[in-house]
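# Architecture at a glance
Listed here are the chains, written in short residue letters.
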Amino acid sequence: MNDVVNDTRYAEIALNQGGVRQIYHYEIPATIGAITIGHLVEVGFGTAHVAGIVVGLSDTSPVPQTKPILARLDPDPVLTPQQIALARWLSEMTLAPFGACLWLMLPAGITRSGDKLYTLVETLTPDPSIDLTPQPPLRPHGEGESVAGRVIELLRERGALRGGQIDHALRDHDWKRAIAPLIKAGTIRREPLLVPPGVTAKQERTVTLAIPPDQVEAIVATLRKGSGKARTLRFLATQSEPLSAADVIAGAEANNAILKQLADKGWITFGAADSWRDPLAGRQFVAADPPLLTPDQAAAWEPIRLAVESRAPGVFLLHGVTGSGKTEIYLRAIEATIAGGRDAIALVPEIALVPQTVRRFMARFHERVALVHSGLTAGQQFDTWRRARAGAIDLVIGARSALFTPLPDIGLIILDEEHDSSYKQSPSPPLNLPNYHARETAIKMAELYGATVILGSATPDLVTAWRAERGSIHYLHLPDRVIVHRARLAEEATALHIPVDRYLPADAPDALAAPLPPVEVVDMRAELRAGNRSMFSRSLRTALNETLARGEQAMLYLNRRGTATIVLCRDCGYIARCPRCDSPLTYHDNAAELICHGCNYRGAPPATCPECGGTRIRYFGAGTALLEQVVRDEFPAAKVLRWDRDTTREHGAHDAILTAFAAGEANLLIGTQMIAKGLDIPRVTLVGVVSADTALGLPDYRAGERAFQLLTQVAGRAGRGWLGGRVVLQTYQPDHYAVRAAAAHDYAGFYARELQYRRELQYPPFKRLARVLFRDASPAKVQRAAEAAAAKLHEVILRERLTATQLVGPAPAFFAKSNDIYRWQLLVKSADPTPLLRNLIPAPGMFIDIDPIDVL
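Cut-offs and rules
Residues numbered from 1 in each chain as written. Predicted model: local features only at pLDDT ≥ 70, side-chain atom pairs only at ≥ 80, totals over all residues. Heavy atoms only, no water. Phe/Tyr/Trp six-rings, centres within 6.5 Å; stacked < 30°, edge-to-face > 60°. Helix = DSSP H or I, 4+ residues; strand = E, 2+ residues; numbered from the N terminus. Buried < 20%, exposed > 50% of the residue type's maximum accessible area, 1.4 Å probe, protein only. Lys NZ or Arg CZ within 6 Å of the ring centre and 35° of its normal. Salt bridge = Lys/Arg side-chain N within 4 Å of Asp/Glu carboxyl O. Pairing = 2+ DSSP bridges. pLDDT = per-residue confidence, 0-100. Contact = heavy atoms within 4.5 Å. Axes fitted to C-alpha atoms, helices over the stretch in contact; angles between N-to-C directions. Parallel < 35°, antiparallel > 145°, perpendicular 65-115°, else oblique. Nonpolar A, V, L, I, M, F, W, Y, C, P; charged D, E, K, R; others polar. Core = buried A, V, L, I, M, F, W, Y, C linked by side-chain atoms within 4.5 Å.

## What to know about the packing of aromatic side chains
Applying the stated criterion to the full structure yields eleven aromatic pairs. Taken together, a centroid distance of 5.2 Å and an interplanar angle of 75° make the contact between F404 and Y436 edge-to-face. With F404 in the loop between β15 (395-398) and β16 (410-416) and Y436 in the loop between β16 and α15 (438-449), the pair connects residues that are 32 residues apart, well separated along the chain. Neither residue differs from the other here; F404 and Y436 are each classed as buried. Here the aromatic rings of W466 and F766 are separated by 5.8 Å at their centres, their planes lie at 65°, and the arrangement is edge-to-face. One end of the pair, W466, is in helix α16 (residues 462-470); the other, F766, is in the loop between α25 (747-761) and β32 (768-776), with 300 residues separating them in the sequence. Residue class for W466 comes out buried when judged on its relative accessible area of 17%. When its relative accessible area of 22% is taken as the criterion, F766 is described as partly exposed. Three or more aromatic residues joined by ring pairs make a cluster, and in this case those are F708, Y737, Y747, F750 and Y751. Over the face of the ring belonging to F270 we find R205, whose NZ or CZ atom lies 4.1 Å from the ring centre. For R753, the ring lying beneath its charged end belongs to Y737, and the centroid distance is 4.3 Å.

Listed below in structure tokens is the structure:
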């Protein structure tokens, strides 16, 4: 079909509607105002009204009939051209719909969904066959009630309602089918609409002096001496800009009544201004000057400085042992970026790390800094997005989603702990979000913006290290630990009541280096043979007693929550399992419940066995909750804090726990992997790994790498001050190569061993991997879907002669059932699996994950 050419302009619009992948052309009405690429607009789609984003403009349309754009929903574009280009790339790389990739970059508050508005038309006579007997006030569902009549009563009492509002009032009722005849008869009018945004700009009242400042004293002379009115006028006379009413009341010791009286006299005027919901507002940070760099830091900093200043895209792997001073390199890179008039993004893998990162960065950069992570309110996220779009932010700190903040000119992107799996968006049914990796996305952004990327880690991802070895990423190394500088050491000595001359030698350099902490590997099999059935080996118990006696701090790591991980009948072998997931339930003593950590199913622990009726129900395994109980029993003098998902559900809990422990309010911190990442507390001289085996038994090709990274990272929390430190690592597999390498701080040895294993089995980096996950409530249907997809891909492989491509499966996933949904999967090994998987037609319950971080 030939393109339609006329005087009309057309917008190419992407929609975020389920699996819609096509771009649609809409006419731009002359009355709607200027439309540019990136605008958020309202359009008709089928019988609904939906939101769309303009991704292109043209003078022609490929179809003769086009609908008009109905409204421009924001006067300014909501996405930059670079973000739209990035979304196109994400769509190609992840096989996700273009619209879904675009909406990934918008704050939740701005997203609008389509709905219908239902209005009662009282003047029309409804179909007499429909029972519309007036109902009593709405009550719990009862037998024989007319659903259509209840809808009529709702609309009569409350006026026009959206479908979502009726859903809420009539849960579990098929009211749409019930009122279909009423809509056909005209008794109820149904119109498409967009739901208003969930969050809008917040305004605050402002106050401005309405008279010339030089007239204030003449007016004050007519007022009672020292009155609130006089104070307020004099205060406002010193201000050059409007102030919020709250600031005026605080500054002049006034109140709202005084402000109203002054306004009635015409001496002040009220206005309105945006009020930013900023989680950093009002927080105080102690300024810190940059320390001198060690020779290794200086050598690593120089090429990064040149890259930042040249504005040429480049990627650096900053491989530094724990405590080697990577953060100081980050800070200098940010400083140089901002000094050059550009913006920076600093990512951390976990929200738990944000408070500490904020303290360090805000001590250096006091203003124009913002936070972005899922723990913020919708209003805070929305306002941060608006400030960034307006160019009012220089630096964004946050978790994975911070990468999409609309900064105008991004010059630097930092990924701290770049190896961490939290940087990957994994399949999250029922939402089919783009399964992107922040690292690969940041590298693409560097191309689009001409930016520098710094990937920092003590245990780089194997694929990242392999790329650096081959030269596609610049490799920088910080081999030695840097122990804090002179001034901080003196402060620590005073706080610990240690003579400064013993704690800090007089001839010590400005920056001090120290070896990594020694790691003692304890074979727990030998402990059992010796009769020790405690959670603590003899070595760890002794080390804990010594550490606490010296007034120092310790950390205990156990990557399991709860009190017991398996509830078992010793008579018949029954294990309490989740009825929805078929996975073992975890016992939580504080709630006296069995909880599924997959779907959050909760149930009471059995008093007798449901299968044999036996009473020998026993609890096996240990989680952080049980560990806390045991510590309090065995070490009564210890002041204990626990840091896991169960203790951080409330807003601000991460910051509160970290602050309390860093301030010395507790001397023993128990936690899961949250405590393994990035924490820098100099008084921690002992780290105990209660069990190093939790990740080693999983059927995943990355199990060894994950175990090595986690053990190395948690060991790195010890000895970060001048007091030094040690690590006790308990394991039932002391000869496992990942355990041996972590104990020796031997990344090079681990890398060589793991790379050989990957080469033999053709896993990344030698082949890329893709995972196709199938989910359905029916075990037969999910199996058929997986087998049909495999047959389709086998056909393409044979036809295209893709001899280097391998299919693994289909087969049930390791977690074969989750929340009453059955799961099958199919794996693809290929140099590039994306072209092959484009042959699969997206279907409900099918999720494609390119370069998955796990195959469980």
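## Comments concerning the pattern of salt bridges
Evaluated as defined, the whole model comprises 38 salt bridges. Across the pair E552 and R550 runs a salt bridge whose closest N-O atoms are separated by 3.1 Å. One network of salt bridges, in which partners are shared, links E418, R439, E440, D461, R467, R702, E705, E754 and R758.

## Regarding the environment of I152
With respect to the element layout, I152 can be found in helix α3 (residues 147-158). The buried category is assigned to I152, whose relative accessible area is 4%. Along the backbone, I152 and I188 are 36 residues apart, and their C-alpha atoms lie at a distance of 8.4 Å.

## Some thoughts on the sheet that holds strand β25 (residues 593-595)
Here three strands make up an open sheet; going across it, the order is β24-β25-β26 and the pairing antiparallel. Each of the sheet's edge strands pairs with one partner strand only, and the pair in question is β24 (586-588) and β26 (602-603). Relative to β25, β24 is paired through three bridges, and the arrangement is antiparallel. Among the inter-strand pairings, Y587 is bridged to a residue of β25, identified as L594.

## Points about the confidence of the model for the protein chain
Mean pLDDT for the protein chain: 82, with 83% of residues reaching 70 or above. Summarising per-element confidence for the protein chain, the mean pLDDT is lowest in helix α18 (residues 500-503) (51) and highest in strand β17 (residues 452-457) (96). In the model, residues 134-144 has pLDDT below 50 throughout and makes 15 contacts with residues more than four positions away in sequence or in other chains.

## Things to note about the environment of V372
Position of V372 among the secondary structure elements: in strand β14 (residues 369-372). For the pair formed by V372 and A402, sequence separation is 30 residues and the distance between their alpha carbons is 5.1 Å.

## Some words on the packing of α16 against α25
Look at α16 against α25: their axes get within 11 Å of each other, and the N-to-C directions meet at 95°. With respect to α25, the element α16 is oriented roughly perpendicular. Residue-level inspection shows L462, A465, W466 and E469 of α16 in contact with α25, the latter providing Y747, Y751, E754, L755 and R758. Taken together, the residues that form the contact of α16 with α25 break down as six nonpolar, no polar and three charged.

## Details of the packing of helix α23 (residues 703-715) against α25
Where α23 contacts α25, the two axes come as close as 11 Å, and the packing angle between them is 170°. Overall, the two elements α23 and α25 adopt an arrangement that is roughly antiparallel. Contacts between α23 and α25 involve G704, E705 and F708 on the former and, on the latter, Y747, F750, E754 and R758. Residues that form the contact of α23 with α25 fall into these classes: three nonpolar, one polar and three charged.

## What about the nonpolar core?
Counting 53 residues, the largest nonpolar core has I53, L90 and L102 as the members making the most contacts within it. Here this core gets six residues from one element, more than from any other, and that element is α15. Excluding anything up to four places from it in sequence, L102 contacts A14, I53, V55, L79, I84 and A87. Membership of the second largest hydrophobic core comes to 38 residues, among which are V684, V687, F708 and L729.

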